[in-house]
Amino acid sequence: MIFMGDPMKRISLLFVLLIVASYFSFAQAPADLIITHADVYTVDPTHPHAEGFAIRDGRIVFVGTTKEIERYRGPKTHLIDAGGKLVLPGIQDSHVHFVSGSHALNKVDLQGAKSLVEIQRRIREFAVKNPNAAWVQGRGWMYASFPGDMPTREQLDEVVRDRPALMSCADGHTVWVNSKALELAKIDRSTPSPKNGIIVHDAKGEPTGALQEEASGLVWKVVPEPNAEDTYNDLLKGLGEASRQGVVRVHSLGGDFEWLDMLDRIRGEGKLTVRFSVAMFVSPPGIDAKGWAALNQARARYHDDWIEQGGVKTMLDGVIDSLTGAMIDPYTGQGENRGSLFWTPEDHRRTVAALDAKNIQVATHAIGDLAIRTALDSYEYAAKQNGAHDMRHKVEHIEDIAAPDIPRFAKLGAIASFQPLHANPEPNWMGAWIDHVGPEREQRAFAWNAVRKSGAHLAFGSDWPVVTINPWEGMQVAVTRQDFDGNPPGGWLPQHRMSLPDTIYTYTMGGAYAVHRENLEGSIQPGKLADFIMVSQNVFEIDPHEIGKTKVLLTVVGGRIVYDAR
Ligand SMILES: [Zn+2]
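In this text, all values refer to a predicted model and were calculated from it rather than measured experimentally.

Visitor: Just checking my understanding: could you explain the coordination of the zinc ion for this structure?
Guide: Each angle at a metal carrying four tetrahedral donors should ideally be 109.5 degrees, and each at a metal carrying six octahedral donors should ideally be 90 or 180 degrees. Around the zinc ion, the donor atoms from the protein are His95 (NE2), His97 (NE2) and Asp463 (OD), and they sit 2.0 to 2.2 Å away. Written as a sequence motif, the donor arrangement for the zinc ion is H-x1-H-x365-D. Here His97 is found in the loop between strand 8 (91-96) and helix 3 (98-104), whereas its partner Asp463 is found in the loop between strand 21 (457-460) and helix 16 (471-480), with 366 residues between them in sequence. Grouping residues by exposure puts His97 and Asp463 together as buried.

Visitor: Please explain the nonpolar core as it appears in this structure.
Guide: Nonpolar side chains in soluble globular proteins tend to be buried together. Counting residues in each nonpolar core, the largest one holds 105 residues, and the members touching the most others are Phe98, Phe276, Phe409 and Trp448. Among residues more than four places away in sequence, those in contact with Phe276 are Phe98, Leu239, Arg249, Val250, Leu263, Trp306, Ile307 and Glu308. One finds Ala113, Val136, Val200 and Ala210 within the second-largest nonpolar core, a separate group that totals 22 residues.

Visitor: Explanation requested: empty space enclosed by the protein in the structure shown.
Guide: Rolled over the atoms, a probe sized like a water molecule indicates the empty space that remains. Enumeration over the complete set of coordinates arrives at two cavities of 30 Å³ or more. Forming the boundary of the largest cavity are 13 residues, of which Gly461, Ser462, Asn470, Pro471 and Tyr507 lie nearest the centre. Breaking the lining of the largest cavity down by element, the ones donating at least two residues are strand 8 and helix 16. A breakdown of the residues in the lining of the largest cavity according to their chemical character gives seven nonpolar, five polar and one charged. Put simply, the second largest cavity is a space of about 40 Å³. If you go around the second largest cavity, the residues you meet are Pro89, Gly90, Gln92, Val248, Glu521, Gly522, Ser523, Leu529 and Asp531. Class assignment of the residues belonging to the lining of the second largest cavity gives a composition of three nonpolar, four polar and two charged.

Visitor: In this structure, what is going on with the packing of aromatic side chains? I would like to understand it.
Guide: In this description, an aromatic ring pair is defined by two values, namely the gap between the centres and the angle between the planes. Counting across every chain of the model gives 16 aromatic pairs. On the basis of an interplanar angle of 90 degrees and a centroid distance of 4.8 Å, the ring pair of Phe53 and Phe532 is categorised as edge-to-face. Remark: Phe532 occurs in strand 22 (residues 532-535) and Phe53 occurs in strand 4 (residues 52-56); sequence separation between them is 479 residues. A centroid spacing of 6.1 Å and a plane angle of 90 degrees characterise the contact between Trp433 and Trp492, whose relative ring orientation is edge-to-face. You can see Trp433 sitting in helix 14 (residues 427-442) and its partner Trp492 sitting in the loop between helix 16 and helix 17 (500-514), a full 59 residues away along the chain.

Visitor: For this particular structure, what's the right way to read the layout of surface pockets?
Guide: Considering only enclosed or pocket space, the second largest pocket measures out at about 380 Å³ in volume. Around the second largest pocket, the lining comprises 21 residues; the ones closest to its centre are Gln212, Asp321, Ser322, Leu323 and Thr324. Contributions of two or more residues to the lining of the second largest pocket are made by strand 13 (197-201), strand 14 (207-213) and helix 14. In the lining of the second largest pocket, the residues fall into seven nonpolar, 10 polar and four charged.

Visitor: It is not clear to me how the sheet that holds strand 5 (residues 59-64) should be interpreted in this structure. Could you clarify?
Guide: Strand order in the open sheet formed by four strands is 5-4-1-6, and the pairing between neighbours is mixed. At either end of the open sheet lies a strand with only one pairing partner, and these are strand 5 and strand 6 (78-81). If you compare each strand with its neighbour and ignore which way they point, the axes differ by 15 degrees on average. Strand direction decides the pairing type here: strand 1 (residues 33-36) and strand 6, joined by four bridges, are parallel. Its bridge partner lying in strand 6, Leu33 is registered against His78.

Criteria and thresholds
- Residues numbered from 1 in each chain as written.
- Predicted model: local features only at pLDDT ≥ 70, side-chain atom pairs only at ≥ 80, totals over all residues.
- Heavy atoms only, no water.
- Donors = N, O, S within 2.8 Å, 3.2 Å for Na, K, Ca; no water.
- Helix = DSSP H or I, 4+ residues; strand = E, 2+ residues; numbered from the N terminus.
- Buried < 20%, exposed > 50% of the residue type's maximum accessible area, 1.4 Å probe, protein only.
- Core = buried A, V, L, I, M, F, W, Y, C linked by side-chain atoms within 4.5 Å.
- Contact = heavy atoms within 4.5 Å.
- 1 Å grid on protein atoms, 1.4 Å probe; cavity = no way out; pocket = protein on both sides within 12 Å on 5 of 7 lines; lining within 4 Å.
- Points joined across faces, edges and corners; volume = space filled by probe spheres on them.
- Nonpolar A, V, L, I, M, F, W, Y, C, P; charged D, E, K, R; others polar.
- Phe/Tyr/Trp six-rings, centres within 6.5 Å; stacked < 30°, edge-to-face > 60°.
- Pairing = 2+ DSSP bridges.
- Axes fitted to C-alpha atoms, helices over the stretch in contact; angles between N-to-C directions.

Structural data, given as structure tokens:
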């Protein structure tokens, strides 16, 4: 009846209707992909929960209820009905060594082997299965599995005699080799230990087969390097593993810079499933002209959403387990030994300031309290020299911080980058660490919550292949501060436990912020890249001791399904 009146009115009303209709069809042009009936935890504090979202051109365009999302469904829209499952932003792993992690998928996995018998069994099995491997390589053993907390070449000779064998410690700071490998590396009783390294000797002065820090280089240089094709194939496996665990971006901190073009080749083939921020490793005394040229070239070339040159990594000390972490006061029960810095503080701060001046982010490995203080001093110095300018320099590991340094992260705008699984309080893993720092310094072990409460930005990562790239085990340790048997009761230093929402935030938005990408990644919000995961269980509703068992069912990066186990 409304159209029975004045013809002019009729036309103008139709016109208005047309405009309104075209407005709605524009606003809700069909999406490429919609997720409905999901339990979405967005990590967006203004709208933490939703039932779904719509994706167009690799980005999230709308987040809301299933009913609202249905409006984005067109004839070509791909629909994922989550069936009530938990959906989260994809995991950002803020500390990996991706190429070595990928190679490690081809090595004896010694992680979790708690006795020498078990370690030898796994190595023997691998050697038998891989008769053509010129070297038998493995990684993941722990000091406490050996009598005297250090392995010997005889123990490795017992299982591999025909070929050289090399097993890296879980912490990456000691290698254990057999007699054949020592022979090939020409290491005997007269070989001097290199700078920043120790060839361990027995009472008779013979090398025991344990090589610490830089001494491992003596053997590594005779191990055949995997060639480009091996690396390509292993990287594809590594990408598969990362996607299977729900990881959508990694901050790569050593070993991958040389492979940027390989990542680019994989991207060109449409097989890149993880976003990369790749740092260049710089050793003391600092970056030389060749280093600057390589860095500048990589920065000019790689700065997009998938592959970006991600600053510089430096390493100030070793680890506490093998007494190579640099401490302010001596280790407990170890005489005057307090470890030592790999850099002079002057070289380090000069290098950091030069990079900072060019807006290049620095990530510094600092485990002992002296190394942590030195890293923060360098960042403070750079800010004084160049003016503070939101660089978000990172300190990696921060295993035992001195109390006065806790508030400095927030003050300097530095990122505290922790790897929760390194704090797994399993006695085999943490025993030596705890003994070496003693009870007073133990109170500030992996003090992520104290640093967070001081107002600092945190990021979480794995340090793969030092430990698994699986983030769910790390999440469990962050929340419980217990090992996977639930020990110690109440948690190790429970004041450092993080809540689950803070933990998830740190694994998502925290990681995105740490690489200056918080406006594009880290949460499920309109305008952001469509990087998300669907998981097997609602981690908010289960016993925290079950979080580590979470399986990823679906990983989507840039709106593309890269892993699907539904
Ligand atoms: Zn690392």
